[in-house]
Amino acid sequence: MDVLMPQLGETVAEGKITQWFKSAGDAIKPGDNLFEIETDKVSMEVPSTTAGVLAEIRVPAGEVAPVGAVVAVIADGTAASAPAAAETLSKPAPPSAAAPAGRPLPLASAAAAQPAAAAPIKLDPFFEVRTPQRNYGPARLPGGRSVTPLARRLAAEGGIDLATVSPSGPHGRIVARDVEAAARAAPKAARPSAAAGVALAAGPSAEEVKAIYRDVPFQEMPLDGMRRIIATRLVQAKQTIPHFYLTADVEIGRLIALREEANTAAPKDDDGKAAFKLSLNDLIIKAWAAALQRVPAANAVWAQDRILRFQHCDIGVAVAIEGGLIAPVIRRAEMKALSAISNEMKELAARARARQLTPDEYQGGCSAISNLGMYGVREFAAVIHPPQATMLAVGAARRQAVEMEDGGVAFASVLAVTLSCDHRVVDGVLGAELLAAFKNFIEQPVTMLV
């Protein structure tokens with residue numbers, strides 16, 4: 001049975017194997033961890049779904065492989081009994097010899113080859129999505145030529161017809177470098193416009209940029225997988241989403257008082273540890289979910305030829321991690337108690353920093369929040385995460401003089417919030433209604449609890 005590189009997310013095209021827990025020749029049982037995979041978003045241990053003997057390791061630790069590539073082969077346990085097979089299986093094939101998904105390399109021993117070829121490739125929940133076929137087309141072209149997942153994504157984003165690409169990969173496969181070569185050779189006029197796909201504008205090359213600074217000392221820092229994905233998605237978001245921004249000042253005096261009262265009243269266990277400790281961000285999450293419920297037309301995402309409106313509010317919350325950021329999602333935030341939101345957010349943030357989130361914990365969401373107030377940032381505008389249509393940026397609280405209803409002046413705690421909107425889904429009036437609803441829940445926080 002082939003062991004394939006799993007796809008841990010819709011936009012994940014490749015993964016890096018950081019560690020093998022088994023060696024060639026080891027007996028394998030269902031549930032045994034085979035290797036650890038690291039993508040741009042998470043690290044995860046990959047278990048076996050079958051029993052047998054680990055016949056080959058085709059992608060060693062430290063190497064990167066595309067989604068759907070064969071990283072190892074598990075043979076029937078009887079294959080290991082043949083001396084010739086044992087000798088062959090103890091020698092892992094180099095990564096360059098890796099075959100396309102579904103086409104294992106022949107083993108030197110016929111005894112080992114027979115059970116490996118006979119073992120069916122069964123789909124199971126863990127390997128349910130093997131390739132980005134749903135996003136970027138099938139893995140095999142009409143003429144029979146196969147295409148790697150990364151090559152398919154690059155072709156889709158660059159508007160390259162795969163039928164015109166010359167293959168250079170193993171067994172006649174089209175690989176990423178083939179698509180990149182075709183993109184350089186194709187005249188710009190022949191490529192589809194951005195309206196027909198996601199054709200990202202290319203800037204100056206690395207060599208051109210380095211030439212500008214040839215007389216200045218610098219250090220080159222290669223991009224890791226996460227930073228590459230972030231760069232691509234940000235350019236895509238700014239090129240394809242018509243952003244506009246709305247900013248408002250919000251008084252948070254009552255919100256602070258509510259938080260302090262709730263934390264003081266939190267039940268404690270025998271060791272004196274409180275059951276929860278609310279932060280301002282926890283209350284902001286709850287208020288944002290309540291605002292989206294109040295203005296349901298804004299509780300939506302863009303889906304190319306339609307708009308999807310949601311009944312519940314799944315709120316993504318940006319968390320800074322080493323090398324980038326990720327936004328774990330609080331599901332049905334409008335229905336959860338503040339204490340539940342607080343404890344769930346702490347647990348998600350901790351696992352996000354350890355790169356232990358599963359795809360269902362950071363994908364989706366109807367909107368998102370980014371809070372830089374703890375860094376002293378007064379005000380900023382966030383980039384929307386497609387396909388979401390809104391994102392709330394929260395700045396730092398400050399003391400400010402405000403006019404009272406009787407004409408007097410007093411000092412109040414105020415913070416600035418900026419709402420980024422996708423004009424295709426949320427126009428100016430709708431965005432203003434949403435921000436006004438949020439302001440009302442923050443300034444009168446008891447109203448979001450009833």
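Please refer to the structure placed before this passage.
These numbers come from a predicted model, not from an experiment. (Residues numbered from 1 in each chain as written. Predicted model: local features only at pLDDT ≥ 70, side-chain atom pairs only at ≥ 80, totals over all residues. Heavy atoms only, no water.)

**Q** It is not clear to me how the overall build of the chain should be interpreted in this structure. Could you clarify?
**A** Tallying secondary structure elements over the chain gives 12 helices and 18 strands in all. With 450 residues in all, the chain has 43% of them scored as buried. The long-range share in the chain, meaning contacts at least 24 apart out of those at least 6 apart in sequence, stands at 62%. Accessible surface for the chain amounts to roughly 22,700 Å². Of this, 56% is attributable to carbon and sulfur atoms. (Helix = DSSP H or I, 4+ residues; strand = E, 2+ residues; numbered from the N terminus. Buried < 20%, exposed > 50% of the residue type's maximum accessible area, 1.4 Å probe, protein only. Contact = heavy atoms within 4.5 Å. Areas by Shrake-Rupley, 256 points an atom, 1.4 Å probe, with all protein chains shown as cover.)

**Q** What exactly am I supposed to notice about the pattern of salt bridges here?
**A** Side chains that differ in sign of charge can pair as their charged atoms come close. In this structure the tally under the stated criterion is 13 salt bridges. A salt bridge links D32 to K29, with the nearest nitrogen and oxygen atoms 3.6 Å apart. On the basis of relative accessibility, which here comes to 52%, the residue K29 falls in the exposed class. Between E207 and K210 there is a salt bridge, with its nearest N and O atoms 3.5 Å apart. You can see E207 and its partner K210 sitting in helix 6 (residues 206-212), 3 residues apart, about one turn around the helix. Each of K22, K29 and D32 takes part in one network of salt bridges that share partners. (Salt bridge = Lys/Arg side-chain N within 4 Å of Asp/Glu carboxyl O.)

**Q** Please explain the packing of helix 9 (residues 280-294) against helix 12 (residues 428-443) as it appears in this structure.
**A** Axis separation between helix 9 and helix 12 bottoms out at 8 Å; the angle between their running directions is 135°. Here helix 9 lies oblique to helix 12, going by the angle between them. Two packed elements cross with a definite hand, and for helix 9 against helix 12 that hand is right-handed. Contacts from I284, A287, W288, A290, A291, L292 and R294 of helix 9 reach helix 12 at L434, A437, F438, N440, F441 and I442. Partitioning the contact of helix 9 with helix 12 into residue classes produces 11 nonpolar, 1 polar and 1 charged. (Axes fitted to C-alpha atoms, helices over the stretch in contact; angles between N-to-C directions. Parallel < 35°, antiparallel > 145°, perpendicular 65-115°, else oblique. Left-handed = near helix turned anticlockwise from the far one by under 90°. Nonpolar A, V, L, I, M, F, W, Y, C, P; charged D, E, K, R; others polar.)

**Q** What's the story with the packing of aromatic side chains in this structure? I'm lost.
**A** Between two aromatic rings, the relevant description is the distance of the centres plus the angle of the planes. Per the stated rule, a full pass over the model turns up 2 aromatic pairs. Taking 4.9 Å as the distance between ring centres and 50° as the angle between the ring planes, the aromatic pair formed by W20 and F35 counts as tilted. With W20 in strand 2 (residues 14-20) and F35 in strand 4 (residues 33-38), the pair connects residues that are 15 residues apart, well separated along the chain. Like F35, W20 is buried. (Phe/Tyr/Trp six-rings, centres within 6.5 Å; stacked < 30°, edge-to-face > 60°.)

**Q** What is the right way to look at the pairing of strand 2 in this model?
**A** Here is the key point about a regular strand: its side chains alternate between the two faces of the sheet. By the bridge criterion, 3 bridges tie strand 2 to strand 7 (residues 64-66) in an arrangement that is antiparallel. Bridged to E14 within strand 7 is P66. Where strand 2 meets strand 4, 4 bridges bridge the pair, whose relative direction is antiparallel. Residue pairing for strand 4: K16 is matched across the bridge by E38. (Pairing = 2+ DSSP bridges.)

Purely geometric stuff here, so don't read any function into it on its own.
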